[in-house]
Amino acid sequence: MLGVLRRKAACGASSSASVLGKSLHKIRPATPGVCSSLPEEIIHHPRGFVHARTFCHLPLVDCSTSLRPTRGVVANLPRDINMQKWSRSFCSNSEGDLVDAVVPHMGESITDGTLATFLKKPGERVEVDEPIAQVETDKVTVDINSPEAGVIQEFVAKEGDTVEPGTKIAVISKSGEGVVTHVAPSDEKSSEKAAPLPSPPAEEKKEKPKPKLETAPVIEKPKETSSPSKPSATEPQLPPKDRERRVPMTRLRKRVATRLKDSQNTFALLTTFNEVDMTNLMKLRSDYKDAFVEKHGVKLGLMSGFVKAAVSALQNQPIVNAVIDGEDIIYRDYIDISIAVGTPKGLVVPVLREAGRMNFAEVEKEINTLAKKATEGTISIDEMAGGTFTISNGGVYGSLLSTPIINPPQSAILGMHSIVNRPMVVGGNIVPRPMMYIALTYDHRLIDGREAVFFLRRIKDVVEDPRRLLLDV
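Residues numbered from 1 in each chain as written. Predicted model: local features only at pLDDT ≥ 70, side-chain atom pairs only at ≥ 80, totals over all residues. Heavy atoms only, no water.

Student: How should the nonpolar core be read in this particular structure?
Tutor: F306, F389 and I391 are the most contacted members of the largest nonpolar core, which totals 69 residues. Of all the elements, helix α10 (residues 303-316) adds the most residues to this core, at eight residues. In this structure, F306 is in contact with M278, L281, I391, L414, M416, M436, I438, I459 and V463, ignoring residues within four places of it in sequence. (Core = buried A, V, L, I, M, F, W, Y, C linked by side-chain atoms within 4.5 Å. Buried < 20%, exposed > 50% of the residue type's maximum accessible area, 1.4 Å probe, protein only. Helix = DSSP H or I, 4+ residues; strand = E, 2+ residues; numbered from the N terminus. Contact = heavy atoms within 4.5 Å.)

Rendered as structure tokens:
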């Protein structure tokens, strides 16, 4: 019967492959000891055979089989043709139970990152899209989520490794099998620690000859104490090295340090100062804070007032919103204001898109949303890209005066500071006023002192009298 089938297969008929498969199934004896999980190899032939199959029976332990793999069809095929083979297993306990967790795409400008920390441990159960690790880049922190629900079998990478998108991080078992092996090392360590405990008699024997050796170092001790006392009078004592800690810089900290130093080396930095009377803006805030929260669902802060003032100043002095590109000047007819936010991992600068079209409520809502994302580490790269002008509020930390550094590729940055009651002359009388110092650092290659002073003066006028925004004066 097998000979007949092989001759039919050699004829090139497309139906011979299916006949061969059916016949082989009929010939195979129903042996109870034969494994029921059969791998199947499917061969694609470009001409004669559409699906020619070879069945192989896999014997298990204490099992027997009398059939061997039948490869008559493959033997009769021409040797000069191209064949593609797929091996598919129908066994339920195959490798499909294991799923790899890999590093996702982290952005167009990010090629690699540092595996910062693991949020889970081997043996713990995770759900779909649950974060199991974090990758730190020079811009953002990216979460690595579990592709399937299951149990973490093992971690392939280690903390501190440099990983790229697509790098395998962990192996997750859907059924949770094979994870018990990670518990064994802890038991072995505990047993090893417990083993040396019942051996005190051996140590007592070794302690007896020790008193004989202690007589020699007793004489050397006074010599050692006398030697360091001589240089202490002439040389300053340095702190001991055991009280110092060396910690590697994070990628975000490295990126911030590089950009700030590049800014100092590239721009002709110059800072001009002014002071602002915050009386009217603070009164406006206190008068309408309850109605503002009731209508818009967000508190009215001081940042929205300075953002609107900066928008007005940038419209009056468009050179501050421009930037040098080679031998050209690029004038930007849109206003995207970056807000510097300090986080535990470093400084990030999310961007308010089209700030000139926002009202006070929209500015406050967007600032709160971006600040929350930045603090939680969930802010994306797109939310920090771009920006034509930056506002940095060091007053929230109590800074009285500072000279901020430009955020490239911008040309200027506004620095806000703390509000302090100081004696001021108003109408010939000395009265206490809530005052704030403001600073503008600008690129003197592009912006002259005249434009810089007019820009800062416009911010002062708008903040001290917010009615100017309504009248556009």
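Student: Would you mind going over empty space enclosed by the protein with me for this structure?
Tutor: Gaps between atoms show up when a probe of the same size as a water molecule is rolled over them. For the structure shown, the criterion picks out two cavities of 30 Å³ or more. Taken as a whole, the second largest cavity encloses approximately 30 Å³ of empty space. Lining of the second largest cavity is provided by L281, G305, F360, V462, V463, P466 and L469. Considered class by class, the residues forming the lining of the second largest cavity number six nonpolar, one polar and no charged. (1 Å grid on protein atoms, 1.4 Å probe; cavity = no way out; pocket = protein on both sides within 12 Å on 5 of 7 lines; lining within 4 Å. Points joined across faces, edges and corners; volume = space filled by probe spheres on them. Nonpolar A, V, L, I, M, F, W, Y, C, P; charged D, E, K, R; others polar.)

Student: Teacher, can you tell me more about the pairing of strand β7 (residues 131-136) here?
Tutor: Taken across its six residues, β7 has five buried, putting it largely inside the fold. Pairing of strand β5 (residues 113-118) with β7 involves four bridges; the strand directions are antiparallel. Each residue of the ladder has a partner; that of F118, found in β7, is A133. Judged from the five bridges that link them, β7 and strand β8 (residues 141-145) form a sheet pairing that is antiparallel. (Pairing = 2+ DSSP bridges.)

Student: Would you mind going over the sheet that holds strand β10 (residues 162-163) with me for this structure?
Tutor: Within a sheet, each strand pairs with its neighbour through backbone hydrogen bonds, oriented either parallel or antiparallel. Reading across from one edge, β8-β7-β5-β10 is the order of the four strands in this open sheet, with antiparallel pairing throughout. Looking at strand neighbours, the two that pair on one side only are β8 and β10, the edges of this open sheet.

Student: Would you mind going over unusual backbone geometry with me for this structure?
Tutor: Negative phi values dominate among residues other than glycine, just as trans dominates among peptide bonds. At the junction of P408 and P409, the peptide bond is cis and its omega measures out at 5° in the coordinates. Among the structural elements, P409 can be located in the loop between β19 (389-393) and β20 (412-416). Positioned with a positive phi, D129 is a non-glycine residue whose angle comes to about 65°. Mapped onto the elements of the fold, D129 is located in the loop between β6 (125-126) and β7. A relative accessible area of 54% places D129 in the exposed class. Within the chain, D472 stands out as a residue other than glycine whose phi angle is a positive 55°. Here D472 lies in the segment after α13 (467-471).

Student: I keep staring at the side chain of S418 and nothing clicks. Help me out?
Tutor: Along the chain, the position of S418 falls in the loop between β20 and β21 (419-426). Leave out the neighbours within four places in its chain, and S418 touches G395, G398, S399, L400, M435 and M436.

Student: Any chance you could explain the sheet that holds strand β4 (residues 98-102) here in plain terms?
Tutor: Within the open sheet, the four strands sit side by side as β4-β11-β9-β6. Their pairing is antiparallel. The sheet terminates laterally at β4 and β6, the two strands that pair on one side only. Pairing of β6 with strand β9 (residues 150-155), which is carried by two bridges, proceeds in the antiparallel orientation. Within the sheet, the bridge partner assigned to R125 lies in β9 and is V151.

Student: Can you help me understand the layout of surface pockets in this one?
Tutor: Approximately 440 Å³ is the volume attributed to the second largest pocket. Considering the residues around the second largest pocket, the lining is formed by 22 residues, among which L284, Y288, L300, F360 and P466 are closest to the centre. Taken together, the elements giving at least two residues each to the lining of the second largest pocket come down to α9 (279-296), α10, α11 (360-376) and α13. Looking at the lining of the second largest pocket element by element, the count peaks at nine residues for α9. Classifying every residue of the lining of the second largest pocket by side-chain character gives 11 nonpolar, six polar and five charged.

Student: Looking at this model, I keep getting lost on the pairing of β5. Mind explaining?
Tutor: Along any regular strand, the residues point their side chains to alternate faces of the sheet. In this sheet, β10 lies alongside β5 in antiparallel orientation, the contact comprising two bridges. Opposite T114, over in β10, you have T162 as the bridge partner.

Student: Got a minute to help me understand helix α8 (residues 251-266) in this structure?
Tutor: Note that an α-helix has 3.6 residues per turn; residues three or four places apart therefore point the same way. Between its first and last C-alpha atoms α8 spans 22 Å; for 16 residues at 1.5 Å apiece the expected length is 22 Å, and the two agree. Restricting attention to buried positions, one finds in α8 the residues R251, L252, V256 and S263. Seen along its axis, α8 keeps its buried residues to an arc of 135°; they face one direction. Elements that come into contact with the buried residues of α8 comprise β5, β7, β10, β12 (269-277) and β17 (346-348). (Expected span 1.5 Å × (residues − 1). Arc of directions from axis to C-beta.)

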